Amino acid sequence: MVKECLLCEQTLDATPSWQSLLGLDQQAFICGDCSNSFKRADIDIKEEGTTIDRTTSLYKYNAAMKEFLHQFKFLQDVALAEVFADDLRRVLKKDAIIVPIPMHPAKKVARTFAQVEALLKSANVPYMDVLEKTDMVSMGEKTKAERLAMPSLFKVKTNVTIKPTTYIVVDDIYTTGTTLRHAATALKEAGATRVEAVTLIRA
Amino acid sequence: MAYTFNTEVKNFLSGRIWLRAHTPFPAETIDAYIASGDIQIIPGIKSEKTTWSQMKHICNRCQNDEPSRFTTFDCAKCEGPCTYCRKCLKMGRVSTCTELIIWAGEQTVYPTIHSFAWNGILTTHQQKASEELMRSTELQRSHLIYAVCGAGKTEILFQPIYQLLTEGKRVCIAAPRVDVILELEPRLREAFPSTLIEALYGGAKPGIGPAQLILATTHQLYRFQEAFDVVFVDEADAFPYTADETLEHAVKKAVKKSAPIHFVTATPSKQLIAGRKRNASISTIQRRYHGHPLPVPRYETLWHYTRHIKKGSLPKKLLTWTAQRLQKQEPFLIFFHNIALMELAEPLFQKLDAGVKAIHAAHPERKEIVRSLRNKQLPGLLTTTILERGITIPNVQVAVIGAEQKIFDKGALIQIGGRVGRSSDHPDGDFVLFHHGITYAMDDAKTEIIRLNEGGVSW
């Protein structure tokens, strides 16, 4: 079967190799050109003892990434969750409980999928959906001042117990950090000892 | 009031297949027509089990049936496995739980009174082709106009289109590239001033009037179903046409049952000729409308041009050629096979003249830049094959960098050469192939051009 790049649709070169014959090579979903258009951010901030003990972001929010998010979230191209699956799997290979930032149920139905869950599913990372939103407003519609002054955005679901261990909250994009801080606060107040954050993109 | 609304919805949806959630009308209006049976709902994706109990999907909008172009996921809306088509994704996603709508009510009646304001005169060859095309249309059989670049293909279509319009028929001219549509639109508006014409391409917003003559990129045809009495496919051989079966299905889906599909091209494929040869429905024109021969390409070696450009200098021959064009103030097009190489070369050309610009399919100002070249505001352009066809710039001189590259096949080279000498004031011009080795495609193109000039039939 001829495979095409998920982003630019050009045919992916399938150079036969021993690796591919033995099934050892990594499966490519995008072409080299598209892959090079994304720029690594590789942000890793450790602030032990604060709300978020460690924040990791993988990529910069450049034009290519903007285009990617648009196609993934607004054109609803779920298949694109595969593009960064390997990257996410690598950073999430830890002894911790992975928690996606939740979406409002109505919004999830409108989009037909929750983007963070889709990313985690493609990465084959087991996760626990322990948080829920307290209201409907999306972060993007608020000013920075409004975001900072928000009451708690998330709460732990009623029949869930939070263990005294490390949790990693995952989101697609880090803008002001408000979303992640709210999620971390909710988890710590419910008994988590340590909360880390991982985002695919850093704006 | 209710009645006017009815016509608007009817006029818009007639012949279209549209996303229920994205019409220009309020949801309640659409709901009311669904209830009355005037609008019919079609599921977005048709899925059936094959013999090996694998799922086979077909997109009801774009007719895509390639398994690799579908993705199945766990849908939060229909709460189950849901499949969507990635082929026409950019027109708004179509999935298993997406509803498409078609107009099933009384059909729009198009006017039969039109004015025909073109007062040019056809050459004998054009006249003959035009009559043959009309005859084929009457017989409802597919026709091929095989005419050299600059033969005046568009004018050949005028009379047959006028005939169809006065019969109240709905007509579509489809072309694979937006540049071709943009070039055709003003000419057709001028020729048919009282006809409601609509040009559809990516980014153009569809109007809600009952457009009788539609100009559309072949992609836009995905959104039509049994809409047209005739479709003319211009530049029929061009990308993505030959390569893309889905588009062929899309054209077939867009015409009414048994309606003819006509093809117009300078470089028909063997299949295209074979398909029409059986019932003798081919018209050939081997002379340009001004009677001058097609420019024959000349070869110039440009060894290791990639290396030169990567090192930051233009090869000497190319430099001299460009400097001459600038000095003589002749507009020029320089074709590249690869965007990255072209963008490396752009600043090098700008050292000669700051006005030289590079364009490619995804360039945001593509339309404006081509217009400035035509208006003589720019000295020349570097381009990918997007400008190989459909555009006319008087006295343009053409060079191909790396004519040996695979993308420059026989058809592409003939089309590129066809840009040269199109106007009767400047029936000549330079057509140079700079190369790192001569390919069969280059020789084939050259032989074909010479043969056409000698008046030989080429199939």
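Residues numbered from 1 in each chain as written. Chains lettered and ligands numbered in written order. Predicted model: local features only at pLDDT ≥ 70, side-chain atom pairs only at ≥ 80, totals over all residues. Heavy atoms only, no water.

## As for the confidence of the model for chain B
Inference 1: Confidence in the prediction for chain B averages 90 pLDDT; 95% of positions are at 70 or higher.
Inference 2: Under the prediction, the complex receives an ipTM of 0.87, its pTM being 0.80. (pLDDT = per-residue confidence, 0-100.)

## Some details on the packing of helix 12 (residues 410-417) of chain B against helix 13 (residues 440-454) of chain B
All names here are of chain B.
Inference 1: It is the contact of helix 12 with helix 13, at a shortest axis distance of 8 Å, that shows an interaxial angle of 50°. On the basis of their axis angle, the class for helix 12 and helix 13 is oblique. The handedness of the crossing between helix 12 and helix 13 is right-handed. Every residue of helix 13 that contacts helix 12 at K410, L413 and I414 is listed here: A441, M442, D444, A445, E448 and I449. (Axes fitted to C-alpha atoms, helices over the stretch in contact; angles between N-to-C directions. Helix = DSSP H or I, 4+ residues; strand = E, 2+ residues; numbered from the N terminus. Parallel < 35°, antiparallel > 145°, perpendicular 65-115°, else oblique. Left-handed = near helix turned anticlockwise from the far one by under 90°. Contact = heavy atoms within 4.5 Å.)

## Comments concerning the sheet that holds strand 19 (residues 397-401) of chain B
Hydrogen bonds along the backbone pair up the strands of a sheet, which may run parallel or antiparallel.
All names here are of chain B.
Inference 1: Taken together, six strands build an open sheet; the order of strands is 15-20-19-16-18-17 and the sheet is parallel. Of all the strands in the sheet, just strand 15 (298-301) and strand 17 (357-359) have a single pairing partner and so form its edges. In this sheet, adjacent strand axes meet at a mean angle of 25° when their direction is disregarded.
Inference 2: Looking at chain direction, strand 15 and strand 20 (residues 431-435) are connected through four bridges and run parallel. By the bridge assignment for strand 20, E300 is matched with F434.
Inference 3: Docked against the sheet, helix 11 (residues 366-374) engages strand 16 (332-335), strand 17 and strand 18 (380-383), running at close to 145° with respect to strand 18.
Inference 4: Against the sheet, helix 12 contacts strand 16, strand 19 and strand 20, and its axis sits at roughly 140° relative to strand 20. (Pairing = 2+ DSSP bridges.)

## A closer look at the pattern of salt bridges
Inference 1: This structure, assessed with the given rule, holds 35 salt bridges over all chains.
Inference 2: A salt bridge links A:R89 to A:D86; its shortest N-O distance comes to 2.8 Å. Remark: A:D86 and A:R89 occur in helix 4 (residues 85-91); sequence separation between them is three residues, near one turn of the helix.
Inference 3: Across the pair B:E167 and B:K169 runs a salt bridge whose closest N-O atoms are separated by 3.1 Å.
Inference 4: Among the residues examined, B:E167 registers a relative accessible area of 40% and is labelled partly exposed.
Inference 5: A network of salt bridges, in which partner residues are shared, links A:R40, A:D42, A:D87 and A:R90. (Salt bridge = Lys/Arg side-chain N within 4 Å of Asp/Glu carboxyl O. Buried < 20%, exposed > 50% of the residue type's maximum accessible area, 1.4 Å probe, protein only.)

## Digging into the domain arrangement of chain A
All names here are of chain A.
Inference 1: Domain boundaries in chain A define domain 1 (1-37) and domain 2 (38-202).
Inference 2: Residue-level contacts link nine residues of domain 1 with 12 residues of domain 2.
Inference 3: When residues of domain 1 are sorted by the area they lose upon contact with domain 2, L6, L7 and S37 head the list and together hold 55% of the total.
Inference 4: For the side of domain 1 that touches domain 2, the per-class residue count stands at five nonpolar, four polar and no charged. (Domains from an automatic or database assignment. Buried area = accessible area lost by both parts, 1.4 Å probe. Nonpolar A, V, L, I, M, F, W, Y, C, P; charged D, E, K, R; others polar.)

## Here we look at the interface of chain A and chain B
Inference 1: Taken together, the contact between chain A and chain B spans 17 residues of the former and 14 residues of the latter.
Inference 2: Between chain A and chain B lies a buried interface of about 1,400 Å² when both sides are counted; carbon and sulfur atoms form 50% of it.
Inference 3: A salt bridge links A:D77 to B:R86; the shortest N-O distance between them is 2.7 Å.
Inference 4: Here chain A is connected to chain B by nine residue pairs in polar contact (both at pLDDT 80 or more).
Inference 5: Taken together, the residues that form the side of chain A that touches chain B break down as nine nonpolar, three polar and five charged. (Polar contact = N/O pair within 3.5 Å; in protein donor to acceptor, adjacent residues only side chain to side chain.)

## Let's talk about the sheet that holds strand 12 (residues 230-234) of chain B
Residue and element names in this part refer to chain B.
Inference 1: Strand order across the open sheet formed by seven strands is 10-11-9-12-13-8-14, with parallel pairing between neighbours. The open sheet has two edge strands, strand 10 (197-200) and strand 14 (282-285), and neither has a second partner. When the angles between neighbouring strand axes are averaged without regard to direction, this sheet yields 15°.
Inference 2: Bridging between strand 8 (residues 144-147) and strand 13 (residues 261-265) involves three bridges; their strand directions are parallel.

## Thoughts on the packing of helix 3 (residues 124-138) of chain B against helix 4 (residues 153-166) of chain B
Residues and elements named next belong to chain B.
Inference 1: It is at 8 Å that the axes of helix 3 and helix 4 come closest, and there the two elements cross at 35°. The two elements helix 3 and helix 4 cross, and the hand of that crossing is right-handed. Of helix 4, the residues touching helix 3 (which contributes Q126, A129, S130, L133, M134 and T137) are E155, I156, L157, Q159, P160, Q163 and L164.
Inference 2: Residues of the contact of helix 3 with helix 4, tallied by class, amount to seven nonpolar, five polar and one charged.

## Examining helix 10 (residues 339-350) of chain B
Residue and element names in this part refer to chain B.
Inference 1: The end-to-end C-alpha distance of helix 10, which contains 12 residues, comes to 16 Å, matching closely the 16 Å that a straight helix rising 1.5 Å per residue would cover.
Inference 2: Within helix 10, the full set of buried residues consists of L341, M342, A345, E346, L348 and F349.
Inference 3: Check the buried side of helix 10 and you find it contacts helix 8 (305-310), helix 9 (316-328), strand 16, strand 17 and strand 18.
Inference 4: The N-cap of helix 10, judged by a side-chain oxygen 2.8 Å from the amide nitrogen of A340 a few residues on, is N338. (Expected span 1.5 Å × (residues − 1).)

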